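So you can see what is in the structure, the chains are spelled out below.
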Amino acid sequence: MPIRIDPWGAAIPEDYARLMREFGIEPFEKLLARAPNPHYLMRRKVIFGHRDFGRVLDAMLKDKKFVVMTGLMPSGRMHVGHKLVIDQLAWYQGQGADIYLCVADLEAYSARGIPFGESKKLAAEEYLANYQALGLDVGRCNVYFQSRSDAVRHLAFLLAKRVNFSEMRAIYGFVGESNISHIFYPMIDVADILHPQLEEFGGPRPTVVPVGIDQDPHLRLARDVAARFQREFGFVLPSSTYHRLLPGLMGEKMSSSKPKTAIFLTDSAEDIKKKIKDAFTGGRPTAAEQRKYGADPDKCRVYELYVYHLIPDDKKLLDLRKACKSGVIICGECKSLAIELMTKFLKAHQAKRKRAEAGAKKLVEKVY
Ligand code: SF4
């Protein structure tokens, strides 16, 4: 049975390799040697796949223009899983990318019923302030709201002429009860991805969209639609990269609506301590057994925190991995280290975020 990925669902895709085969996603590691000073997320295969990323790399290496497109759905508090994309954006910004940052307030309304006023407030106070604090210079990004962009809405309507309902149903699984704004929404997403290539936004050029695999349906649709309108607009088919989703602390997907699964960027030292202490690990039932037989970092949610965020140095990460597998370190000690590193990181981050808030509020007033 073919796999259908639901961009609005809650499950972690289980078999990344199967998804890659099924949807024609290439392994990222083949391009790693060409990437200038690759981010640790690339080196560690957190970013594991791509479509046509080679043409973005070519542009990057030849000092030609390229676009990075991303969206934020203002639907709740940011957690460390969200940081993954911001780390990538900051890296791309350092490589000279023209970054488009879309506030997906139409999606928040159609999929979650979030009013536009609330989206605006959340975008400024929760998202953009955090992005700035995480090292992305949001003042140098093209930030816009879907609901305010005439160009995006107009393009979505125009492109929808060559997409039919059967296709949307096959990709997204829409049924008779699906509301029409939800059904139309993917066309807004396609227009988000393609509009930087309109003449008034700089014309056709390579574009990459860094996403979790759950967002792939939007990418496949965007590429198909771009091909159908190539004669009129000269679109370069958008490229994409795929990262593994950071699993929740208790094993399931990290989610803003399930506080125990995630460490939020606003969490206190006490919250961090409690959540990491309760996290699922790859340890043994007793300390004695673990000292003797070692543990399994690949089953451990705390280890994932190290891989994704807490230990950027590859050598140090490898040392910790060896210590875990050989029983040199046991889970209690290892969790204490994770608590210490996360607390230090979030304390510094929260101070930076506070300083970034006023700028973010001003920014949402003037963007298109
Ligand atoms: Fe996870 Fe650390 Fe325990 Fe290994 S020692 S299983 S990395 S908590």
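In this text, all values refer to a predicted model and were calculated from it rather than measured experimentally. (Residues numbered from 1 in each chain as written. Predicted model: local features only at pLDDT ≥ 70, side-chain atom pairs only at ≥ 80, totals over all residues. Heavy atoms only, no water.)

Participant: I'd like a description of the overall build of the chain, backed by residues and values.
Facilitator: Tallying secondary structure elements over the chain gives 16 helices and seven strands in all. Here the chain has a C-alpha radius of gyration of 21 Å; the compact-globule value for 368 residues is 21 Å, and the two agree. Residues classed as buried in the chain amount to 55% of the 368 residues present. Long-range contacts, defined here as pairs at least 24 residues apart, represent 78% of the contacts in the chain between residues at least 6 apart. Separation of charge centres in the chain, based on 57 positive and 44 negative side chains, amounts to 3 Å. (Helix = DSSP H or I, 4+ residues; strand = E, 2+ residues; numbered from the N terminus. Rg over C-alpha atoms; globule rule 2.2 N^0.38 Å. Buried < 20%, exposed > 50% of the residue type's maximum accessible area, 1.4 Å probe, protein only. Contact = heavy atoms within 4.5 Å. Lys, Arg positive; Asp, Glu negative; His and termini not counted. Charge placed at Lys NZ, Arg CZ, Asp CG, Glu CD.)

Participant: Residue-level account of the site of the ligand, with values.
Facilitator: If you check the shell around the ligand, you find Thr281, Gly282, Gly283, Gln290, Ala295, Cys300, Tyr303, Cys324, Ile330, Cys331 and Cys334 and nothing else. In the shell around the ligand, the residues fall into seven nonpolar, four polar and no charged. (Near = heavy atom within 4 Å. Nonpolar A, V, L, I, M, F, W, Y, C, P; charged D, E, K, R; others polar.)

Participant: Any chance you could break down the environment of Ser256 for me, citing the residues and the numbers?
Facilitator: As for its position among the elements, Ser256 is in the loop between strand 7 (239–243) and helix 12 (269–278). Among residues more than four places away in sequence, those in contact with Ser256 are Arg77, His79, His82 and Phe264.

Participant: Please set out the domain arrangement of the chain residue by residue, giving values where relevant.
Facilitator: A common way to express how large an interface is: the accessible area buried when the components associate. When its domains are assigned, the chain resolves into domain 1 (16–249) and domain 2 (259–354). Relative placement of domain 1 and domain 2: their C-alpha centres are 30 Å apart. Each side of the interface is counted separately: domain 1 has 25 residues, and domain 2 has 28 residues. Together, the buried faces of domain 1 and domain 2 total about 2500 Å²; carbon and sulfur atoms form 59% of this surface. If you sort the residues of domain 1 by the area they bury against domain 2, Arg44, Val80 and Leu249 come out on top, with a joint share of 33%. At the boundary of domain 1 and domain 2, one finds four salt bridges. The salt bridge partner of Arg44 is Asp314, with a shortest N-O separation of 2.9 Å. When residues of the side of domain 1 that touches domain 2 are traced back to their parent elements, those giving at least two are helix 2 (40–43), helix 4 (80–94) and helix 6 (116–133). (Domains from an automatic or database assignment. Buried area = accessible area lost by both parts, 1.4 Å probe. Salt bridge = Lys/Arg side-chain N within 4 Å of Asp/Glu carboxyl O.)

Participant: Which residues make up the pairing of strand 4 (residues 98–103), and what values do they have?
Facilitator: Burial within strand 4 is extensive, with five of its six residues counted as buried. Crossover strand 3 (residues 67–72) to strand 4 through helix 4 is right-handed. In the sheet, strand 4 pairs with strand 5 (residues 142–145) via four bridges, with the strands oriented parallel. Bridging from a neighbouring strand, Tyr100 pairs with Asn142 of strand 5. (Right-handed = clockwise from strand over helix to strand, strands pointing away. Pairing = 2+ DSSP bridges.)

Participant: Which residues make up unusual backbone geometry, and what values go with them?
Facilitator: Backbone geometry at Lys45 places phi at a positive 65°, although glycine is not the residue there. Structurally, Lys45 can be placed in the loop between helix 2 and strand 2 (47–51).

Participant: How would you explain the packing of helix 4 against helix 14 (residues 301–310) if you had to name every residue and give the values?
Facilitator: Between helix 4 and helix 14, the least distance of the axes is 10 Å, while the angle of their chain directions is 30°. For the element pair helix 4 / helix 14, the angle class is roughly parallel. Crossing handedness for the pair helix 4 and helix 14: left-handed. Between helix 4 and helix 14, the contacting residues are Val80, Gly81, Lys83, Leu84 and Asp87 on the first element and Leu305, Tyr308 and His309 on the second. (Axes fitted to C-alpha atoms, helices over the stretch in contact; angles between N-to-C directions. Parallel < 35°, antiparallel > 145°, perpendicular 65-115°, else oblique. Left-handed = near helix turned anticlockwise from the far one by under 90°.)

Participant: Describe the packing of aromatic side chains, with residues and values.
Facilitator: Scanning the model with the defined rule gives 10 aromatic pairs in all. Judged by centre distance (5.3 Å) and plane angle (25°), the rings of Tyr109 and Phe116 are stacked. Both rings, one in Phe229 and one in Phe233, keep their centres 6.3 Å apart while their planes meet at 45°; by these two values the pair is tilted. Taking relative accessible area as the criterion, Phe229 reaches 3% and is therefore assigned buried. Members of the aromatic cluster, each reached through a chain of ring pairs, are Phe28, Phe53, Trp91 and Tyr92. Over the face of the ring belonging to Phe264 we find Arg77, whose NZ or CZ atom lies 3.9 Å from the ring centre. Above the ring of Phe145, the side-chain terminus of Arg148 is found at 4.0 Å from the ring centroid. (Phe/Tyr/Trp six-rings, centres within 6.5 Å; stacked < 30°, edge-to-face > 60°. Lys NZ or Arg CZ within 6 Å of the ring centre and 35° of its normal.)

Participant: Break down the pairing of strand 2 for me, citing the residues and quoting the values.
Facilitator: Burial analysis of strand 2 places five of its five residues in the buried class, which makes it a mostly covered element. Pairing between strand 2 and strand 7: four bridges, direction antiparallel. Residue His50 lies in a different strand from strand 7, and its bridge partner there is Thr241.

Participant: I'd like a description of the environment of Val67, backed by residues and values.
Facilitator: Counting through the fold element by element, Val67 comes out in strand 3. By relative accessible area, which is 0% here, Val67 ends up buried. Between the C-alpha atom of Val67 and that of Arg162, which follows or precedes it by 95 residues, the distance is 25 Å. Aside from chain neighbours lying at most four places away, what touches Val67 is Asp98, Tyr100, Pro196, Arg205, Pro206, Thr207 and Val208.

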